[in-house]
Amino acid sequence: MKKTAQLIKSLTAIILAIICLLPLNACAAASKTANGDTIYQQRTVHNPDGTGKFYMGREIARVMGYQGAGWLERPSRGMEEKSARLVNNLDLKPTDIVADIGAGTGYFSFRIAPLVPEGKVLAVDVQQEMINFIKLNKQEKNIANVDPVLGSIDNPNLPENSVDLVVMVDAYHEFEYPREMMQGIVKALKPGGRTVSIEYRGENPLIPIKGLHKMTQKQVKKEMAAVGLVWKETKDMLPQQHLMVFEKPSQI
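None of the values given here were measured: they were computed from a predicted structure. (Residues numbered from 1 in each chain as written. Predicted model: local features only at pLDDT ≥ 70, side-chain atom pairs only at ≥ 80, totals over all residues. Heavy atoms only, no water.)

Student: Got a sec to walk through the overall build of the chain? Specific residues and values, please.
Tutor: The secondary structure content of the chain amounts to 9 helices and 11 strands. Considering the chain as a whole, with its 252 residues, one finds that 44% of them fall into the buried category. Put simply, of all contacts in the chain between residues at least 6 apart along the chain, 64% involve residues at least 24 apart. If you sum the accessible surface of the chain, you get close to 13,300 Å²; carbon and sulfur atoms cover 57% of it. (Helix = DSSP H or I, 4+ residues; strand = E, 2+ residues; numbered from the N terminus. Buried < 20%, exposed > 50% of the residue type's maximum accessible area, 1.4 Å probe, protein only. Contact = heavy atoms within 4.5 Å. Areas by Shrake-Rupley, 256 points an atom, 1.4 Å probe, with all protein chains shown as cover.)

Set out below in structure tokens:
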């Protein structure tokens, strides 16, 4: 029995040594896994609407692809979601630089743009097809102050300290790397800048949206706090969604 234990110990040491001959990041990842200290957990048994990837106890939802562009632009959306009311409650200033993260077709970007005539809207999406939609809509609507930005799955690709307001409408729950993406967003915000998270209310099972595409206030607050954002208020003036406002402290 003693010899067996020594053999297992030796084999473990050899395996770890081999892993650490790999690039440094691979070794670090292995160490994190060994210590149970990873940011994300992958599970084989999970919700079919999810990715099987968990963050802070929440399963990340599958991304709605560009094939759903028609649903984003459906004529009934404005009435169902009270889109004008949402935009009017963003407390915009004419000079604001606004980043619409997960902009999709630019549905909200083009509604925000007229309210920031001396500023602009950075319409960020990770799908090139959505960026193409935004470019087409920009041309058709003849709105000059909407700039499409192709982000990556872990970075919004925005300049540091450049944005007054970040808006995420029914998008955050699909971020593949929420911690890294939010760190990039916080970096892009000016000191005192705001992040507005709009999500379907996870507290209400009667809202006819799939569970993983809703979030509770408690969960959103927890995940925003993890990147240093401070909750300021929640506006429950929308039929089915929370509008939650967070702020980047002057020093973070």
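Student: Tell me about the pairing of strand β4 (residues 97-101), residues and numbers included.
Tutor: A large share of β4 lies buried, amounting to 5 of its 5 residues. Neither face of β4 is left uncovered, since the one carrying I97, A99 and I101 and the one carrying V98 and D100 both have all their residues buried. Strand direction decides the pairing type here: β4 and strand β5 (residues 120-125), joined by 5 bridges, are parallel. Looking at β5, one finds that I97 is bridged to K120. Of the pairings in the sheet, the one linking β4 to strand β7 (residues 163-169) comprises 3 bridges and is parallel in character. Directly across from D100, in β7, lies its bridge partner V167. (Pairing = 2+ DSSP bridges.)

Student: I'd like to hear about the sheet that holds strand β2 (residues 50-55), residue by residue, with values.
Tutor: In spatial order, the strands read β1-β2-β3; together these 3 strands make up an open sheet with antiparallel pairing. Pairing within the sheet leaves two strands with one partner each, and these edge strands are β1 (40-42) and β3 (58-61). Going across the sheet, the axis of each strand differs from the next one's by a mean of 40°, ignoring polarity. Sheet topology places β2 next to β3; 3 bridges connect them, and they run antiparallel. Considered in β3, the bridge of F54 is made with E59. Those strands touched by helix α8 (residues 178-188) are β1, β2 and β3, and its axis lies near 155° from that of β1. (Axes fitted to C-alpha atoms, helices over the stretch in contact; angles between N-to-C directions.)

Student: Go over the layout of surface pockets with me, naming the residues and quoting the values.
Tutor: Size it by volume and the largest pocket reaches roughly 680 Å³. Lining the largest pocket are 33 residues, and of these M64, G102, D170, A171 and E174 lie nearest its centre. Where the lining of the largest pocket is concerned, the elements lending two or more residues are α3 (69-72), α4 (77-81), β4 and β5. Split into classes, the residues belonging to the lining of the largest pocket amount to 19 nonpolar, 6 polar and 8 charged. (1 Å grid on protein atoms, 1.4 Å probe; cavity = no way out; pocket = protein on both sides within 12 Å on 5 of 7 lines; lining within 4 Å. Points joined across faces, edges and corners; volume = space filled by probe spheres on them. Nonpolar A, V, L, I, M, F, W, Y, C, P; charged D, E, K, R; others polar.)

Student: Can you tell me about the pattern of salt bridges, naming the residues and giving the values?
Tutor: One pass over the structure, following the stated rule, counts 7 salt bridges. Its salt-bridge partner being D49, residue K210 comes within 3.4 Å of it at the nearest N-O pair. Of this pair, K210 sits in the loop between β8 (189-201) and β9 (214-215) while D49 sits in the loop between β1 and β2, and the two are 161 residues apart along the sequence. The exposure class assigned to D49 is partly exposed, which follows from its relative accessible area of 23%. With a shortest N-O distance of 3.0 Å, K235 and D91 are connected by a salt bridge. Within this pair, whereas K235 is found in strand β10 (residues 230-235), its partner D91 is found in the loop between α5 (83-88) and β4, the two being separated by 144 residues in sequence. (Salt bridge = Lys/Arg side-chain N within 4 Å of Asp/Glu carboxyl O.)

Student: Report on the side chain of N145, specifying residues and quantitative values.
Tutor: Of note, N145 is situated in the loop between α7 (128-141) and β6 (146-150). A distance of 3.1 Å separates a polar atom in the side chain of N145 from the backbone oxygen of A113. Residue contacts for N145: discarding those within four places in its chain leaves A113, V116, P117, G119, K120 and V121. (Polar contact = N/O pair within 3.5 Å; in protein donor to acceptor, adjacent residues only side chain to side chain.)

Student: Tell me about the environment of I207, and name the residues and values.
Tutor: Among the structural elements, I207 can be located in the loop between β8 and β9. On the basis of relative accessible area, I207 is assigned to the buried category, the value being 6%. For I207 and P239, which are 32 residues apart along the polypeptide, the C-alpha to C-alpha distance reads 9.6 Å. Those residues within four positions of I207 in sequence are excluded, and the remaining contacts are Y200, R201, K214 and Q240.

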